[in-house]
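Results of the structural survey
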Amino acid sequence: MIRAELIAPIGDLIGRQASQRPAAVAFVDRTRSVTYGELADRTARLAAHLEAAGVRPGQSVALFLPHGVAWVEACFAVLRASAVAVPVSVDATDNEIAYRLSDAGCVAAFAMSDQGARLSGLMPEGAALAMVLVGAGDATDFEAIVSGPASLAPRDPRDIEQASFIVYTSGTTGQAKGVLLSLHSMLWVAAASWASIAGLSQDDYVLNPLPLYHSYALNLSVLGVLATGAKEYLLERFSTTEVLRLLDSEPFTLMPGVPTMFRFLLDTARARGHRVLSHLRLCLSAGAVLGATLNQEFEAWFGVRLLDGYGITETSTMVTLNWPVGTRVMGSCGLPLPGLAVRVVDPEDRDVEAGHEGELIVRGPNVMLGYHGKPEATRTALRDGWYRTGDLARFDRNGYLTITGRLKEVIIRGGQNISPVEVEETVAAHRAVADCAVVGMPHELLGEVPVAFVVARDGEQTDPESLLEHCRSRLSAYKVPQAILFVPEIPRTGSGKAMRFRLRQMFSET
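Note that the structure is predicted; figures quoted are calculated from it, not measured.

With that settled, the discussion passes to the overall build of the protein chain. A count of helical and extended segments in the protein chain gives 15 helices and 26 strands. Relative to the compact-globule value of 24 Å for 510 residues, the protein chain shows a C-alpha radius of gyration of 23 Å, a close match. On the principal axes, the C-alpha backbone points of the protein chain span a range of 65 × 60 × 50 Å. Every one of the 510 residues in the protein chain was classed for burial, and the buried ones make up 58%. Considering only intrachain contacts with a sequence separation of at least 6, the fraction spanning at least 24 residues in the protein chain is 67%. Accessible surface, the protein chain: about 20,100 Å² in total, of which carbon and sulfur atoms supply 50%.

With six of its seven residues buried, strand 7 (residues 163–169) lies for the most part within the structure. Sheet topology places strand 7 next to strand 8 (residues 177–182); six bridges connect them, and they run antiparallel. Among the inter-strand pairings, Tyr168 is bridged to a residue of strand 8, identified as Gly178.

This part covers helix 11 (residues 292–302). Considered for burial, the residues of helix 11 that qualify are Leu294, Asn295, Phe298, Glu299, Trp301 and Phe302. One side of helix 11 holds all its buried residues, which, seen down the axis, span an arc of 165 degrees. For helix 11, the secondary structure elements touched by its buried residues are helix 10 (259–272), strand 12 (282–285) and strand 13 (305–312). Immediately downstream of helix 11, the backbone of Gly303 shows phi near 70 degrees, a positive value.

Now for the packing of helix 3 (residues 69–80) against helix 8 (residues 215–228). For any two helices packed against each other, one specifies the crossing angle of their axes together with the interaxial distance. The N-to-C vectors of helix 3 and helix 8 enclose an angle of 75 degrees; their axes lie 12 Å apart at closest approach. As judged from the angle between their axes, helix 3 and helix 8 are roughly perpendicular. Residues Trp71, Val72, Cys75 and Phe76 of helix 3 form the contact with helix 8, whose own contacting residues are Leu218, Val222, Leu223 and Leu226. Within the contact of helix 3 with helix 8, the residues separate by chemical class into eight nonpolar, no polar and no charged.

What follows covers the nonpolar core. Note on soluble globular proteins: their nonpolar side chains tend to be buried together. Within the largest apolar cluster, 100 residues are counted, with the highest numbers of intra-cluster contacts made by Phe27, Phe76, Phe110, Phe165, Trp194, Leu284 and Leu401. With near-sequence residues (within four places) excluded, Leu284 lies in contact with Trp194, Ala198, Tyr216, Leu220, Leu254, Met255, Pro256, Gly257, Phe262, Leu306, Leu307 and Leu321. Core analysis: the next-biggest nonpolar cluster, separate from the first, contains 25 residues, Tyr233, Leu244, Leu290 and Phe298 among them.

The contact between helix 2 (residues 36–52) and helix 3 brings their axes to 8 Å, and the two run at 55 degrees. Here helix 2 is positioned oblique relative to helix 3, judged by the angle of their axes. Once helix 2 is placed against helix 3, the crossing between them reads as right-handed. Between helix 2 and helix 3, the residues in contact are Leu39, Ala40, Arg42, Thr43, Ala44, Leu46, Ala47, Leu50 and Glu51 and Glu73, Phe76, Ala77, Val78 and Arg80, respectively. For the contact of helix 2 with helix 3, a count of residues per class yields nine nonpolar, one polar and four charged.

Our focus in this paragraph is the environment of Val90. Structurally, Val90 is set in the loop between strand 4 (84–87) and helix 4 (94–104). The spatial distance from the C-alpha of Val90 to the C-alpha of Ala24 is 30 Å, given a sequence separation of 66 residues. If near-sequence neighbours (up to four positions away) are discounted, Val90 is found in contact with Phe64, Leu65, Pro66 and Arg118.

What follows covers the pairing of strand 14 (residues 317–321). With respect to burial, strand 14 is a largely interior element, five of its five residues being buried. Sheet analysis places strand 13 next to strand 14, joined by four bridges and oriented antiparallel. Looking at the pairing, Gly309 lines up with Leu321 of strand 14. Between strand 13 and strand 14, which pair antiparallel one after the other, the connecting turn spans four residues, and Ser316 there sits at a positive phi close to 55 degrees. Pairing between strand 14 and strand 15 (residues 335–336): two bridges, direction antiparallel. Directly across from Thr320, in strand 15, lies its bridge partner Pro336.

Our next topic: the packing of aromatic side chains. The full count for this structure, using the stated rule, is eight aromatic pairs. With a centroid separation of 6.2 Å and 70 degrees between ring planes, the pair formed by Phe110 and Phe142 is classed as edge-to-face. Of this pair, Phe110 sits in strand 5 (residues 106–112) while Phe142 sits in helix 6 (residues 142–147), and the two are 32 residues apart along the sequence. Note on accessibility: Phe110 and Phe142 belong to one class, buried.

We now examine helix 14 (residues 464–472). Because each turn of an α-helix spans 3.6 residues, side chains separated by three or four positions in sequence point in the same direction. Among the residues of helix 14, Leu467, Leu468, His470 and Cys471 are the ones counted as buried. Buried residues in helix 14, looked at end-on, bunch into an arc of 155 degrees, giving them a common side. Packing partners of the buried residues in helix 14 comprise helix 13 (420–428), strand 24 (433–443), strand 25 (447–456) and strand 26 (483–486). The opening residue of helix 14, the one whose side-chain oxygen lies 3.0 Å from the backbone nitrogen of Glu465, is Asp463.

Right, let's get into the side chain of Arg500. Structurally, Arg500 can be placed in helix 15 (residues 500–509). The exposure class of Arg500 is buried, given its relative accessible area of 11%.

What counts as what
Residues numbered from 1 in each chain as written. Predicted model: local features only at pLDDT ≥ 70, side-chain atom pairs only at ≥ 80, totals over all residues. Heavy atoms only, no water. Helix = DSSP H or I, 4+ residues; strand = E, 2+ residues; numbered from the N terminus. Rg over C-alpha atoms; globule rule 2.2 N^0.38 Å. Buried < 20%, exposed > 50% of the residue type's maximum accessible area, 1.4 Å probe, protein only. Contact = heavy atoms within 4.5 Å. Areas by Shrake-Rupley, 256 points an atom, 1.4 Å probe, with all protein chains shown as cover. Pairing = 2+ DSSP bridges. Arc of directions from axis to C-beta. Axes fitted to C-alpha atoms, helices over the stretch in contact; angles between N-to-C directions. Parallel < 35°, antiparallel > 145°, perpendicular 65-115°, else oblique. Nonpolar A, V, L, I, M, F, W, Y, C, P; charged D, E, K, R; others polar. Core = buried A, V, L, I, M, F, W, Y, C linked by side-chain atoms within 4.5 Å. Left-handed = near helix turned anticlockwise from the far one by under 90°. Phe/Tyr/Trp six-rings, centres within 6.5 Å; stacked < 30°, edge-to-face > 60°. Polar contact = N/O pair within 3.5 Å; in protein donor to acceptor, adjacent residues only side chain to side chain.

Structural data, given as C-alpha cells:
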C-alpha cells in the first residue's frame, strides 16, 4: 500500500527522475519551466554554491522567495547541501521575519534582489547572511550560479532522519514555534497519502494555489510531485479567476486547496454558470475542517471528487485522509494513514468509545523531531512517542475521524493558523489599551476570523480604526482582527486566563 520506493534521499529522488525522464517538465510558473534533467543540474550547482559560501551541514538557510520554480529549486538545493530549509513568507512583517531568521539561526538566504538589504537589516547584530539573489546581476545572482561552472559536487546526504526543515507554526503561546521535520517524515506522508491514496503519479498535472511555506504544500506540491515525477504549475498566489481560467485552458488532473478556496471557486463558478472541469480528476482539501455541505455542493456542481483530510505541521501535514473510492462520511476527514497509530483519549489517556469526544493523539513515522530550540514545549507535545494535537475529535464505528473542536485556542482563518495570544500581545502594545483578549468567531467564507475585545486605558483616546492600523503594521494581513470591540473588562478565571467562551457570548449578543 505504501510506496516505499518514494522514501529516499533527495539526491536519489532527483537523480531517478532525471535519469528516467530528463526532458519531462517538472515545475512551471507564469514565467518559466524546468525539466527534471535541468532540475538535477541546477540544484546541484546551487547546492555547491552554498557549500562554497561556507554553509555547513545542519545549518539553516531561509527561503524568502515568491512561490514559483525558483522557490522549489532553492529548497532542493538546500537539502542537497545537507542544510536545513527555513521557509519564510514574503508577506510576513519585519518582526516576523527577524524572529524566524534569528530563532532558526539562518546563515544564508535565497531572496529577490530587491529584498537582500531588507533581510540583512533584520539579522541580529553581528550576524550576516550569505545571499543568493534572483535578479542581482552579479556573483550572487541565482541564474549566474546555475549557468556557471560547479565548484563542488553537492553533498547529497544519505541520512533522511536528520532535520531537513524548520517550518514555523503559531500555537497558543503567542510565539511562533519552529517545527523540526525530517525528509523521512515528510516523504512517509507523500508515499502513504498523496501517492498511495490520491494516486499521484507521473501522469498527473497538478495545479498548486497553496503557499509553499506551509507544510501542506511543501509536502504535496514540492516533495510529493518530485517523488512521483508529476508535473506542476505553481501559482504565485491564489486567485479565483486565474484558477478557473487555468483549469479551463490546461489539462490539470489534480488540485489541492483549503476549504475557503473551494468555497470561492464554487461561488464564482455558480455566478458564471461554469460547470465543466474536463480533465480534473481529484481535489484535495486540508488546513481546516471542510463542511459536509460545501463538500457535497462542490462535487455536485463540478462533478469532481473533493477529498478532505486532517493534518498539522507537527505530523508532516497529514494524519487522516478520505479515499477516492469506497465509502465516505461527509464532514469526516477520513481514515488514518497507513503506518500511523491514531487515538482519541480522555484526560487520563484512556481511549474513548466510538462516537465520544476526546483529544486526538498520534504516533508514527510522520511525527516531528521536536520544536527547534524549545525543549520544554517539545516535552509537553511529545509524550511516550505520542504527539498531543490539542484537537478534539471522535471516531465513528467504522474508524472515520471527525474533528469537533480544539483544546488549543488556535484560530484557523481560511486554512491559516493564528495564535490569539500573538494578536493579543500586538494589540496590548498600543498605548491606549489596558487589557485585551482575542477569540475566533465563525465566518461564512473563512471558517473563523479573529475578533479583539479591548479595555481602553483611562485617559487615552483611541478608536477601532487606529487599533486596526496598529495591527496592520505589525501583523500579517490574515492575523489582523476582523473587528475591535470595546468592553468594560475582560472576564478572566482566578488564575488570570481569559474566559473566551464568555467573550463569544458577548459577541453573539451584540
